[in-house]
Structures are given as structure tokens and as C-alpha cells.
Amino acid sequence: MNRRGVERTSPLVLAGSAVALALVVLPLVGLLTRVRWSTLAEDLTSRAALDALRLSLMCSLLAAAISVVAGTPLAWLLARGRGRGRSLLRGLVLLPMVLPPVVGGVALLSAFSLRSPIGGWLHDTFGLQLTFSTAGAVLAEAFVALPFFVVTLEGALRSLDPGLEEDAASLGAGRAMAARRVVLPLVAPAAASGAVLAWARALGEFGATVTFAGNVEGRTRTLPLAVALLLESDRDAAVALSLVLVAVSLVVIVALRGRWAVRR
Amino acid sequence: MTDRRRAVTAGVVGALTVFIVGAAGCTDADPVERPTTGTAPTELTVSAAASLTESFEALAERFEADHPGTDVVLTFDSSTALADQILEGAPVDVFASADTANPTRLAEAGLTDGEAVAIARNRLAMVVPAGNPAGVDDLADLATLEGTVALCAEEVPCGKLAATVLDAAGVTVAADRVTRGQNARATLAAVADGDAVAGLVYVTDAAVADDLLDVVPIESVPDATTELQVVALRDAPAGALAAELVELIVGPVGQAELRRAGFLSPR
């Protein structure tokens, strides 16, 4: 915006924006003032912190990978499929985005705890227990992260000119080839953004994880769970780990800069 | 560009309108809830250990009945989390802790009004999912059985007591087999609703979920108890009412309620 544009902005807009900005910035400034810089390195390299960092990285990457692998066909179906069931399907897929995470955790528990039919069957047949396991933490994170990938990719697929696929077909490409050689390369940037968003959401997951997978050191105690636990024992360490999550979030925003802009 | 900016202005005005109307709505709602006596309700804010949930809910009702126009607002969590909140400036009138360490922290910070008073003692029970699927019959089994054991977070009173009990019994549970509940009730839920094979919770908590749990008595360390204390806070927003609630809890009515919930009498 040029200088004149700034001058002409109404005071009401400026006041409203200031309130909104303060809402976001003040807590972050507060966090920064609570950081004990002298022990920051120690706090971040303690065994508990490193365990949580390692586990968080692993679980969130796996959850993002699941979102990409399972979410790509789903996004395709939502963007290209026909029929009335589609909006219902989209609603279902979006649900975890607006559902309180703790409710997601209760739902996961109802479906996969040892006392549930599926959870009981998994345990009796394969000896697999999802509750209190890393697999359970990944599942909880994938549950909340999946919609972020699907929505982003579906939007990109919809904005493509359907004529492109027809052109490819008229040149002799089959449907699969048209998808692979023409469509996927075009939506790759959006898919990457979606994957990063899904990963970031998975990294920050707390409610569903703690409810479904518990808080087990080295197995399900990811960064957000470690922060919550450390708040009561070692606030400096909790603040230090929070700082890591803020830094990661900032990097994600910077990395995705411009990708969210509406294409005209 | 002008159109776009007009749209932005409209959006901001819209958001502000919602905000202001919403805020006004809140203020408007207040008189409706006011009792017909014409006086504004006095809020009495109580932070209490999660294990006190049912007892304090009953006592709050009793207090409200005895003091018309008083609204007792209860917050339950681990005593450690609650004490942290008070140290951070939470406007609380009365603090009821599952241990003596947390009231001491507040006293050292100069936040308490007088000495904390012992109101009860509590001890731990080992709980297992109903039917005891893992076949736990002794504390020592926790070290060897397969599956996850639910304990309270190390810094909260029930976690400290669990550490004392396990130490005394010479039992070590590997850290990667322990799920930590943020407070006594979260730990209870890990066994009652979750899939932990066993957990150490207060006997009073075990009684709350007795349809979902079986209790395995801990016989090896009978003397491990924690003392619960209550204290009014110096800057209590509700003033003298705080002391009155403490009196109710310490007095015969409060004590009867706590005994009924399974708490032991204070020493």
C-alpha cells in the first residue's frame, strides 16, 4: 500500500486492527519476557526436552505423511466426484477442524480403546494397542491434521481448468496419465502447503493426544504435552519449549507466505 | 482498490459490532440472574484439589443456601496447578490443597490469610479396570506386568504420594510404561475410561468410579497419607466470606461431608 493509502485509512479500521494485533502480539511478547535466556540452552537440551522434541518431530511427520497419502485421493474425490453425497463427505472430513480436540480424543477412545469392538479386535488379533502408544499419538495427530491437507488440495484441484485434462485426453493421454503428468504437477505447490499446514497442526496437537494416547514419557509425551506437564514443575523449561513451538509456527508462516493469497 | 478497502472497513466494523454487542449482551444478562433481594450476588471463588470435587460441590451448595446472594465458584485441578495460578495473581478467596506443600508455597509468598488448617487426610489405592484383566494383586506387579500404569504427574500431590509409596515398597516402574495424569481425576480416568492396566489414585477417587474399577488394597505401605489443608487468601475478593467458608469446611458439617466421601480425619 502506498503512503496516501495509509493516510486515507479510516481511524475505525486502524483502531480495530490495533485491537486485533494486540490480541495476537501481546501474549507472544509476554512469552518472550518470561524466557530465562541464561538457562535456555540447558532447558532445551535436557533429556525430557530432547525426548519430547524427537517424539514430536517423528509423530507429526508421520501424521503429515498419512494425511498426504490418504488425503490426496480423498481431495481428488471431493474435487472431481459427482453426486449429492459429496457435500456430506466434505462436511465429515472437515469435522475434526472445528471439533474440540478433546472430543476427538474421546471419540478415538470410544473407537479404539481395548474395550471398544475395533480396539479389542486389534488387540486380540494383532496384539496391537493404540492407547498409550506412539501409534496412538500419531493417529490422534493425523485425525486433526488430515482436513488441513484435504481442504488445501481440494481447493487447488477445483481451481484448475477442467479443459486441461480434456486437452491431455485429446492428445492421447489416459485418465491416470493426465492426472499424473498434467494435474498433479500443477497442484504440487498447493499440496506442499497443505502438507506443511497439516504437519504444523499435528505438531501442536494436545487435546486429542492426551485424551487418547495419554502422557507417557518417550512414547506419547510430545512437545505440547511436555509443556503442560512442565508448567507445574519447571516453568522456565515449559516457556523454553513453548518458544520452540512459536519459532516453528513462525517458520511455517514465512515458508507459506503468499501461498494463502487468493488467486484472481 | 477502493472497493476492496470498503469491504475491509465493512468487515472490521462488522467484527467490532459483534464484539461490542456481545460485550453489551454480557452486561445486560447480569441483572436477570440477580436474586430478587435486589443485592448483587457476591462471588466466592474457591480453588480446590481435584480429589475434593464431590465434597466441595456439596459444601458449596450448603454455603450458598446459608448465605443467600452468594455464588460459590469452584475450580478443580491439581493443587500444584491451582497454587501456581494463585501465585500468578488469580483472584481466589479460598484454597483447598491435597497436600501441605502448596499452602506453604502461598504462605511464603505472603498470599495467605492466617495459617492453613488441616481438614482431612487421604491415602492411595491401586485401581484396575473392572474385572482386573491384567491380574494385578500386589504393588510389586506394577514393575513387571505388561501395559501402561497411570500415575499422577510427579509434581502434584498424588504423584508425590505415589512416588513415596512405590519407593517404600521398593517398586520401580519404567518411565516409558507410565502415563501421567495432570491431576488425580485425570489419572483415574486413564484407568476408568482408558486402557491403563492399573493406576495409583486416592481411595476417595477410586470410590467415585467404583462401577468401572476394582480396588486392589495396598497392604505393604499402610502409613503413606497426604494431609489436606484449607486456607483463606489474604487478598480474598469476597473478604470475610472466605473465612466463613473455611469455618464451614473445618466445622462439623464440612468434616461430616469429607468423612462421607471417604477422607480420613486430620491428625
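(A) Structural context of the interface of chain B and chain A. Taken residue by residue, the interface counts 32 residues in chain B and 30 residues in chain A. Note on chain B versus chain A: buried area summed over both sides is about 2,400 Å², and carbon and sulfur give 52% of it. At the surface where chain B touches chain A, the tally comes to 2 salt bridges. With a closest N to O distance of 2.7 Å, A:Arg34 and B:Glu88 form a salt bridge. Inspection of the chain B/chain A interface yields 11 residue pairs in polar contact (both at pLDDT 80 or more).

(B) Layout of the environment of B:Thr53. Residue and element names in this part refer to chain B. Inspection of the secondary structure puts Thr53 in helix H2 (residues 53-66). For Thr53, a relative accessible area of 13% gives the class buried. Here the alpha-carbon distance between Thr53 and Val72, two residues 19 residues apart in the chain, equals 13 Å. Residues in contact with Thr53, not counting those within four places in the same chain, are Phe76 and Arg185. From its side chain, Thr53 meets the backbone oxygen of Ala50 in a polar contact 2.5 Å long.

(C) Structural detail: the pattern of salt bridges. Residues and elements named next belong to chain A. Under the counting rule described, the total for this entry stands at 15 salt bridges over all chains. Between Arg90 and Glu154 there is a salt bridge whose closest N-O contact spans 2.7 Å. You can see Arg90 sitting in helix H5 (residues 85-98) and its partner Glu154 sitting in helix H8 (residues 134-159), a full 64 residues away along the chain. The partly exposed category is assigned to Arg90, whose relative accessible area is 22%.

Parameters and conventions
Residues numbered from 1 in each chain as written. Chains lettered and ligands numbered in written order. Predicted model: local features only at pLDDT ≥ 70, side-chain atom pairs only at ≥ 80, totals over all residues. Heavy atoms only, no water. Contact = heavy atoms within 4.5 Å. Buried area = accessible area lost by both parts, 1.4 Å probe. Salt bridge = Lys/Arg side-chain N within 4 Å of Asp/Glu carboxyl O. Polar contact = N/O pair within 3.5 Å; in protein donor to acceptor, adjacent residues only side chain to side chain. Helix = DSSP H or I, 4+ residues; strand = E, 2+ residues; numbered from the N terminus. Buried < 20%, exposed > 50% of the residue type's maximum accessible area, 1.4 Å probe, protein only.

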